[in-house]
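An overview of the molecular structure
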Amino acid sequence: MGYLFLLLAILGELLGTNLLKASDGFTSLWETVGSLAAYGACFYFLALAMKSINLNIAYALWAGLGIVLTTTIAVVFWKEPINLASILGIGFILIGIVILNMYDAGH
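Everything numeric here is computed off the predicted structure, so don't read it as measured data.

**Examining the overall build of the protein chain**
The helix and strand inventory of the protein chain stands at four helices and zero strands. The secondary structure elements of the protein chain, listed N-terminal to C-terminal, are α-α-α-α. Expressed along its principal axes, the backbone C-alpha trace of the protein chain runs to roughly 45 × 35 × 15 Å. The buried share of the protein chain, reckoned over its 107 residues, is 31%. A separation of at least 24 residues holds for 67% of the contacts in the protein chain among residues at least 6 apart in sequence. Taken as a whole, the protein chain presents about 6,700 Å² of accessible surface, with 75% of it coming from carbon and sulfur.

**Details of the nonpolar core**
Among soluble globular proteins, nonpolar side chains are generally buried collectively. Judged by nonpolar contacts, the single largest core of 16 residues is most densely connected at Leu6, Ile10, Leu46, Ala49, Ile53, Leu61 and Trp62. Broken down by secondary-structure element, the contributors of at least two residues to this core are helix H1 (2-22), helix H2 (29-49) and helix H3 (55-76).

**Things to note about the packing of aromatic side chains**
Tallying each qualifying case throughout the model produces five aromatic pairs. A centroid spacing of 5.3 Å and a plane angle of 70° characterise the contact between Tyr44 and Phe45, whose relative ring orientation is edge-to-face. The exposure class assigned to Phe45 is partly exposed, which follows from its relative accessible area of 21%. Between Phe77 and Trp78, the aromatic rings sit 4.9 Å apart at their centres with planes inclined by 85°, giving edge-to-face as the arrangement. Classification of Phe77 as exposed rests on a relative accessible area of 56%. Within the aromatic cluster, the residues linked to one another by ring pairs are Phe5, Tyr44 and Phe45.

**Remarks on unusual backbone geometry**
Positive phi outside glycine occurs at Phe26, with the angle close to 65°. Backbone geometry at Lys79 places phi at a positive 60°, although glycine is not the residue there. In this structure, Lys79 sits in the loop between H3 and helix H4 (84-102).

Calculation rules
Residues numbered from 1 in each chain as written. Predicted model: local features only at pLDDT ≥ 70, side-chain atom pairs only at ≥ 80, totals over all residues. Heavy atoms only, no water. Helix = DSSP H or I, 4+ residues; strand = E, 2+ residues; numbered from the N terminus. Buried < 20%, exposed > 50% of the residue type's maximum accessible area, 1.4 Å probe, protein only. Contact = heavy atoms within 4.5 Å. Areas by Shrake-Rupley, 256 points an atom, 1.4 Å probe, with all protein chains shown as cover. Core = buried A, V, L, I, M, F, W, Y, C linked by side-chain atoms within 4.5 Å. Phe/Tyr/Trp six-rings, centres within 6.5 Å; stacked < 30°, edge-to-face > 60°.

Any link to function would need more than the numbers given here.
Quick look at the structure:
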């Protein structure tokens, strides 16, 4: 159940971050309200996930996958540029996530 809650937390972060971009600096009411609600749900589900997933694993997955997916959405949906340094940095994040999961004390 913990990983389902973690997935919901990641989805909440993705929605919240993209609505934050759409809010145009909190000048658009509904996008602002949606962003705050999505972040609230995100942290709620992250807290539930950490009841059964170690903090270091939960946070690494939440933050790492959030960065990777947010960057992908930013490039595809928001048409934001990306460069080689960004791609390499994201690759290192993914490698870190894999290493943390491979050597978690629970495995």
